[in-house]
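# Residue-level structure breakdown
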Amino acid sequence: MSDSLEQSFVQQLKQNQNIIHKICRLYTSGQDAHNDLFQEITIQLWKAFPKFRGDSKFSTWAYRVALNTAITLYRKSTRSVSTVEYESQKHFISQEEYNYEEEEQIKLLYQAVYQLNDIEKALVFMYLEDKDYAEISGTLGISEVNARVKMNRVKGKLRKILNP
Amino acid sequence: MEELDLLKKDWKRKENSFSQLSEAEIYGMLHRKSSSIVKWILIISILEVFLWTGIGFIYSNDDYLKSLKHEELLVYFRVLNYFNYAVVLVFIYLFYKNYVNITTTSSTKKLMKDILKTRKTVQYYVWYNLFMIVIGLISGFVVSFAYNPQMQLMKEKMAHEGKYMAITLGILTLAVIASVGIFWLFYRLLYGILLKKLLANYKELKKMDL
């Protein structure tokens, strides 16, 4: 692959790297796992880049490939999550003033999300990213109606985890 | 759900809180090795093809067949061999086609289908090889019994003693079952580990779209 292609890819990825970071935040815990998945996604994006025609935005394309990599191609087990590992993510939080009680609740929410399976995490991710149901159904390859049903189930499941 | 909205609020707030990678760091990542499942399936499949072809070369039975002085056997096994190579070539083509088909841009469900199809191909390939092991072993035994002069003594013994024949047949059957079993187990372990997570996710997606 030519150098200019590589350069264009690296530049665009650099500008859009937060998409990948965000997926890593949901699918991994701890900085090492985060970096691992980030690298795997970068490799998959680079491999798929020649097929990216520019008929959609780089960011739209990248988030699909990245999400699919997290669901299908990534092999490291990230299931077991402890509170300690969440603490290590604290440095992500900007130093704004925050409500302590709210922060505790958010911590519990993240822990609940970590207990979901890969597909459910993808749904949560797309919800957090304000993707509409057409986009969700297209990304996962399921019908819109089912995407809606499943989203409601995921919310229900989260509620159950939070209030057992 | 208000909890999720709280999460969303936090999500948006932390949007730009990641330590940013430089272009140089991203360049470095591009040429590192992927650890993706599909790559491993492809590598293992290719290794398998080499393994089987290698075994075929090492245990060439041409000399043995020549020593039996039955030219027609030589032709028969040659044909079987060529047929086998043709089938292996078809499989290599299929593996490659599957690999090319897997593009990460398709929908998750389609992608998983493609990956699982790759696995199916491997599975057919393994079944074919198991079948060929059985055919090979059985025809080997038959040829030995029918044409090898050294087996004459054994044949006479077997004709006279039913127990001896039963034991011989039993050992041969066990040998076939053991070789098939060992390979099958090895295969199950290898792909089972690789595809455990993928299968779980695929089932989850399928459940969603019933």
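Residues numbered from 1 in each chain as written. Chains lettered and ligands numbered in written order. Predicted model: local features only at pLDDT ≥ 70, side-chain atom pairs only at ≥ 80, totals over all residues.

## Remarks on the overall build of chain A
- Of the regular secondary structure elements, chain A holds nine helices and zero strands.
- Overall, chain A shows an N-to-C arrangement of helices and strands of α-α-α-α-α-α-α-α-α.
- With 164 residues in all, chain A has 38% of them scored as buried.
- A fraction of 69% describes how many contacts in chain A between residues 6 or more apart in sequence connect residues 24 or more apart. (Helix = DSSP H or I, 4+ residues; strand = E, 2+ residues; numbered from the N terminus. Buried ≥ 20, exposed ≤ 12 C-beta atoms within 10 Å, placed from the backbone. Contact = placed C-beta atoms within 7 Å.)

## Digging into the overall build of chain B
- For chain B, the count of helices and strands is eight helices and zero strands.
- Looking at chain B residue by residue over its 210 residues, the buried ones come to 16%.
- For chain B, long-range pairs separated by at least 24 residues make up 71% of all intrachain contacts whose partners lie at least 6 apart in sequence.

## Comments concerning the packing of helix 6 (residues 100-114) of chain A against helix 1 (residues 2-13) of chain B
- Taken N-terminus to C-terminus, the directions of helix 6 of chain A and helix 1 of chain B make an angle of 100°; their axes are 10 Å apart at the nearest point. Considering the angle they form, helix 6 of chain A stands roughly perpendicular to helix 1 of chain B. Every residue of helix 1 of chain B that contacts helix 6 of chain A at A:Glu102, A:Gln105, A:Ile106 and A:Leu109 is listed here: B:Glu3, B:Leu6, B:Leu7 and B:Asp10.
- In the contact of helix 6 of chain A with helix 1 of chain B, the residues fall into four nonpolar, one polar and three charged. (Axes fitted to C-alpha atoms, helices over the stretch in contact; angles between N-to-C directions. Parallel < 35°, antiparallel > 145°, perpendicular 65-115°, else oblique. Nonpolar A, V, L, I, M, F, W, Y, C, P; charged D, E, K, R; others polar.)

## Observations concerning the environment of B:Ile26
- Its place among the elements puts B:Ile26 in helix 2 (residues 23-30).
- For B:Ile26, a count of 21 C-beta atoms within 10 Å translates into the label buried.
- Excluding anything up to four places from it in sequence, B:Ile26 contacts A:Val10, A:Leu13, A:Lys14, A:Thr42 and B:Leu21.

## Remarks on helix 2 (residues 17-27) of chain A
Residues and elements named next belong to chain A.
- With respect to burial, helix 2 is a largely interior element, eight of its eleven residues being buried.
- Residues of helix 2 that are buried: Ile19, Ile20, His21, Ile23, Cys24, Arg25, Leu26 and Tyr27.
- Those residues of helix 2 that are buried lie in contact with helix 3 (31-48), helix 4 (58-73), helix 6 and helix 7 (118-128).

## Considering helix 6 (residues 108-147) of chain B
- Spanning 40 residues, helix 6 of chain B covers 58 Å between terminal C-alpha atoms, matching the ideal 58 Å at 1.5 Å per step.
- Among the residues of helix 6 of chain B, those classed as buried are B:Thr108, B:Leu111, B:Met112, B:Ile115, B:Thr118, B:Arg119, B:Val122, B:Tyr125, B:Val126 and B:Asn129. (Expected span 1.5 Å × (residues − 1).)

## Regarding the interface of chain A and chain B
- The interface of chain A with chain B comprises 49 residues on the first partner and 43 residues on the second.
- When contributions to the side of chain A that touches chain B are tallied by element, the ones reaching two or more residues are helix 1 (3-15), helix 2, helix 3, helix 4, helix 6, helix 7, helix 8 (133-140) and helix 9 (144-162) of chain A.
- Taken together, the residues of the side of chain A that touches chain B break down into 20 nonpolar, 18 polar and eleven charged.

## A short note on the nonpolar core
Residue and element names in this part refer to chain A.
- Among the nonpolar cores identified, the biggest contains 62 residues, and Ile23, Leu45, Ala66, Leu67, Ala70, Ala122 and Phe125 are the most heavily contacted of them.
- For this core, the element with the highest residue contribution is helix 4, accounting for nine residues.
- Apart from the residues within four sequence positions on either side, Ala122 is in contact with Leu67, Ile71 and Leu140. (Core = buried A, V, L, I, M, F, W, Y, C linked by C-beta atoms within 7 Å.)

## Section: the confidence of the model for chain A
- On average, residues of chain A score 82 in pLDDT, and 84% of them reach the 70 mark or higher.
- Every residue in residues 78-91 of chain A is under pLDDT 50, and counting partners more than four places away or in other chains gives 15 contacts. (pLDDT = per-residue confidence, 0-100.)

## Topic: unusual backbone geometry
All names here are of chain A.
- For Asp130, which is not glycine, the phi torsion reads 60° and is therefore positive.
- On the secondary structure map, Asp130 appears in the loop between helix 7 and helix 8.
- Among the residues examined, Asp130 registers 10 C-beta atoms within 10 Å and is labelled exposed.

## A look at the domain arrangement of chain A
Residue and element names in this part refer to chain A.
- Parsing chain A into structural domains produces domain 1 (1-89) and domain 2 (93-164).
- In this assembly, ten residues from domain 1 lie in contact with twelve residues from domain 2.
- Looking at the side of domain 1 that touches domain 2, the elements with two or more residues in it are helix 2 and helix 4.
- By residue number, the principal contributor to the side of domain 1 that touches domain 2 is helix 4, which donates four residues.
- Among the residues making up the side of domain 1 that touches domain 2, the classes are represented as eight nonpolar, one polar and one charged. (Domains from an automatic or database assignment.)

## Observations concerning the environment of A:His21
- Here A:His21 lies in helix 2.
- A:His21 sits 108 residues away from A:Glu129 along the chain, and the two C-alpha atoms are 13 Å apart.
- In contact with A:His21, other than residues within four places in its own chain, are A:Phe38 and B:Phe18.

## Quick word on the confidence of the model for chain B
All names here are of chain B.
- Residues at a pLDDT of 70 or more form 89% of chain B, whose mean pLDDT is 78.
- Element-level mean pLDDT values for chain B span from 70 in helix 4 (residues 62-67) up to 86 in helix 2.
- Across the predicted assembly, pTM comes out at 0.71 and ipTM at 0.76.

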